[in-house]
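Overview (structure and organization)
Each chain, written out:
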Amino acid sequence: MASSILLLLLAAIGYGVYRYTSALAENVAKAKRTGLPYHVVPISPHSPLAQMFPFWKRLFKLLPRRYWEDIMPILMSDWHFRDNYRVFEKLGDVFLVACPEKLILYTANAEVIHQVTSKREAFPKPVKVYKILSLYGESVLATEGAVWKNHRKVTAASFNEKNAALVFAESIKQTEGMIDQWLGADGQGNRTINTVEHDTMALMLHIIGYVGFGLRLLWPGQSLPPDADARQAKYAALKPPAGHTLNFTRSLELTLEKIFLLLLTPRWLLKHLPFKTTKDAAEAEDNFVKYLDEFLHDKIDDVKNGDKEVGMDIMGQLARTSYGEEQTSKKGSKLPKLSDSDITGNAFIMIVAGHETTANTIHFLLLELSNNPAAQRLLQRDIANIFGDTDPSSWDYESSVNALMASMAGACMNEMLRMMPPVVDIPKEVANNDQVIIKDGEKYHLPKGAHVGLVATAVQRNPRYWPTKPSKVTGNDGSSDNSDIHDFVPERWYRKAEGIDGDDGAEVEGADTENYGGFEGPDTSAQLFRPVRGSYIPFSDGARSCLGRRLAQVELISTLSVIFQKYSLELAVDEWATDAEVDAMDRTQRAELYKKAQDSSRKVIASASSLLTLKLHGNKFVPIRLVPKGQERFVDWMDSL
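The structure contained in this document is the topic of the report that follows. (Residues numbered from 1 in each chain as written. Predicted model: local features only at pLDDT ≥ 70, side-chain atom pairs only at ≥ 80, totals over all residues. Heavy atoms only, no water.)

**Observations concerning the packing of helix α9 (residues 161-183) against helix α10 (residues 196-213)**
Orientation of α9 relative to α10, taken along the N-to-C sense of each, is 145 degrees, at an axis distance of 10 Å. Here the hand of the crossing between α9 and α10 comes out right-handed. Contacts between α9 and α10 involve Leu166, Val167, Glu170, Ser171, Gln174, Thr175, Met178 and Trp182 on the former and, on the latter, Val196, Asp199, Thr200, Leu203, His206, Ile207, Tyr210 and Val211. Of the residues belonging to the contact of α9 with α10, the class tally is nine nonpolar, five polar and two charged. (Axes fitted to C-alpha atoms, helices over the stretch in contact; angles between N-to-C directions. Helix = DSSP H or I, 4+ residues; strand = E, 2+ residues; numbered from the N terminus. Left-handed = near helix turned anticlockwise from the far one by under 90°. Contact = heavy atoms within 4.5 Å. Nonpolar A, V, L, I, M, F, W, Y, C, P; charged D, E, K, R; others polar.)

Structure representation (structure tokens):
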């Protein structure tokens, strides 16, 4: 009996070894046939088990150094941001990784990226990767083919310039609320703020509450006007309404905070695990799902009762499409109707996608502007030229948006998205047939089923596509030419460089030309540097580009404008000196002190990592101060160091 079991065990092991080696050999053969450079690794770098149990990397290193030395960085977690283009400097800007599970192409080549994003059907999104996000229903993010077309055409109707103007006004209101929190009870500011990430998350949560549901969410100390309707009062209430244990704001905030845990843990397990964090996650989601259901039925009732649209409300607009009179697209064709779960699924995805990505960007942007006094002064100059000292509530979207996009506000936004795009690696796959890509005039055949990684953090730091100068930030660069490609330099967007000519990219044969709705303008202002098509992809590109990119841009430039019209941001230096000690310093001493704060801040920012999006983890933060203009201790005279 024992010998039979041993025989079966040996047979199973033998079969496993055979499957492993034959799969690896097959993918190596496919890699060779492409003609592209390739590397062989024993386990897919995409494998969660490979990241959870890194001991196999030590075994891999037992092989001769030539087999693992160059490829080892991509086997580490978070290599996309940590190593960015430095990996491609060694391996080439297009290379393959062959492993038993799959064949993977990584690229930081704009020409190749433009081809991939232009051919949606040839290089679709690997929807299996995104199915995990279909918690509350199918959505425009997690579908492909005809289903995706239906979702895209319906949801795109909400992303127009009229709604962008509404988001502009709401962003101004909510940013003023955040500023009030930062100024403190005395309204004087000059307080050390350790909660920038939390506060920018709350800012975008408030804006997305308006964008997604038509709600005006409140900051601490604010209250609804006396004539607010019962529904607004219910969802803005500090106390949970009947049937809930958390108020709407807290349930949404906690659900987003615990989203990774919610996505990965089965519901039955989540509710029975004896940990506070899992119990909090389960409670938050239970409440949020109830709120989503209540919202949906409220919106359906509004449509059936003939209530007119007021303000921006994506969930309400989706409900009107499915329950109101027949809607038509710009071309006159009827829009498909979404099911109830489709409506909630899309509303949820738009909250997740529109909340954390934009919040992380504005968080890092405020930190980088605190690091760069000279850039901050140029930003303030441009805001003053556009708005003067007029009250932000009077600002007009239509007359100011193009000027803002072409100003230092647009340049700062573009540079932050270049350096730290929310999504570091945009996944695609080769469809059911082999596909051809062209690189530097040569054709290469990619086998069907191959995974394609468009590494945004690498192509956006590829010096082939970006104007550069020698770096002023020593110790932060690490590239062989000591350029400022790895530095936050908004002024780059006003530069021209020999051999770099931004354009719309060469025409791609077989490109998807169908119009699926949404904002159709370019990602950057025509008055700024125009990157080569495919070299700047913070919103992806092509038919599957980010549907909410215009709204995100509007949120970012309006937030910057409100803050820097009247205030400056400075890094807090409490760790090294008291206020009294700073007051007694001369300029040289203050510059030396601020350099310490800059070095510390940049080290923290460089430690960001990506789970769903690129952000700080592990309770890391950079303290700053909001200072009324004229009361600065550093940034009104310092140059960037």
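**Considering the sheet that holds strand β8 (residues 451-455)**
Hydrogen bonds between backbone atoms are what pair the strands of a sheet, whose relative direction is either parallel or antiparallel. Strand order in the open sheet made by the five strands is β1-β2-β3-β8-β5, with mixed pairing throughout. Edge positions in the sheet fall to β1 (38-40) and β5 (425-429), since each has one partner strand and no second. On average, adjacent strands in this sheet sit at an angle of 25 degrees to one another, irrespective of strand direction. Pairing between β5 and β8: five bridges, direction antiparallel. Pairing of lysine 428 across the sheet is with valine 452, part of β8. The strands touched by helix α1 (residues 2-34) are β1, β2 (94-98) and β3 (103-107); relative to β2, the strand with the most contacts, the crossing angle is about 160 degrees. In the packing of helix α5 (residues 84-91) onto the sheet, the strands contacted are β1, β2, β3 and β8, and the crossing angle to β2 comes to about 85 degrees. (Pairing = 2+ DSSP bridges.)

**Digging into the sheet that holds strand β12 (residues 624-628)**
Pairing is antiparallel in the open sheet, where three strands are placed in the order β4-β12-β9. Pairing within the sheet leaves two strands with one partner each, and these edge strands are β4 (192-193) and β9 (567-571). Packed onto the sheet, helix α17 (residues 340-371) meets β9 and β12 and runs at close to 80 degrees relative to β9.

**Some remarks on the packing of α17 against helix α20 (residues 408-419)**
At a minimum axis separation of 10 Å, α17 and α20 run at an interaxial angle of 110 degrees. When the interaxial angle is binned, α17 and α20 end up roughly perpendicular. Side by side, α17 and α20 meet where Thr361, Phe364, Leu365, Glu368 and Leu369 of the first sit next to Cys412, Met413, Met416, Leu417 and Met419 of the second. Taken together, the residues of the contact of α17 with α20 sort by class into eight nonpolar, one polar and one charged. (Parallel < 35°, antiparallel > 145°, perpendicular 65-115°, else oblique.)

**Examining the side chain of arginine 495**
With respect to the helices, strands and loops of the structure, arginine 495 is situated in the loop between α21 (456-459) and α22 (549-566). You can call arginine 495 buried: its relative accessible area is 13%. Of the polar contacts made by the side chain of arginine 495, one reaches the backbone oxygen of proline 467; its length is 3.5 Å. If sequence neighbours within four positions are ignored, arginine 495 has contacts with Pro467, Thr468, Lys469, Asp484, Val489 and Phe529. (Buried < 20%, exposed > 50% of the residue type's maximum accessible area, 1.4 Å probe, protein only. Polar contact = N/O pair within 3.5 Å; in protein donor to acceptor, adjacent residues only side chain to side chain.)

**A closer look at the pairing of strand β7 (residues 442-446)**
The sheet contact formed by strand β6 (residues 435-439) and β7 spans five bridges and is antiparallel. Note that in β7 the partner of isoleucine 438 across the bridge is lysine 443.

**Describing empty space enclosed by the protein**
Counted by the stated rule, this structure contains two cavities of 30 Å³ or more. Considered as a void within the structure, the largest cavity measures approximately 40 Å³ in volume. Around the largest cavity, the lining residues are Arg152, Gly517, Gly518, Phe519, Ser545, Cys546, Leu547 and Arg549. The class makeup of the residues in the lining of the largest cavity is three nonpolar, three polar and two charged. When its volume is computed, the second largest cavity comes out at roughly 30 Å³. Contributing to the lining of the second largest cavity are Val116, Thr117, Lys119, Arg120, Phe123, Lys428, Asp541, Gly542, Ala543 and Arg544. (1 Å grid on protein atoms, 1.4 Å probe; cavity = no way out; pocket = protein on both sides within 12 Å on 5 of 7 lines; lining within 4 Å. Points joined across faces, edges and corners; volume = space filled by probe spheres on them.)

**Considering the pattern of salt bridges**
Scanning the model with the defined rule gives 30 salt bridges in all. Two residues, aspartate 93 and arginine 464, come together in a salt bridge whose shortest N-O distance is 3.3 Å. Here aspartate 93 is found in the loop between α5 and β2, whereas its partner arginine 464 is found in the loop between α21 and α22, with 371 residues between them in sequence. Judged by relative accessible area, which is 42%, arginine 464 ranks as partly exposed. Through salt bridges that share partners, Glu415, Arg418, Asp484, Arg492 and Arg495 make up one connected network. (Salt bridge = Lys/Arg side-chain N within 4 Å of Asp/Glu carboxyl O.)

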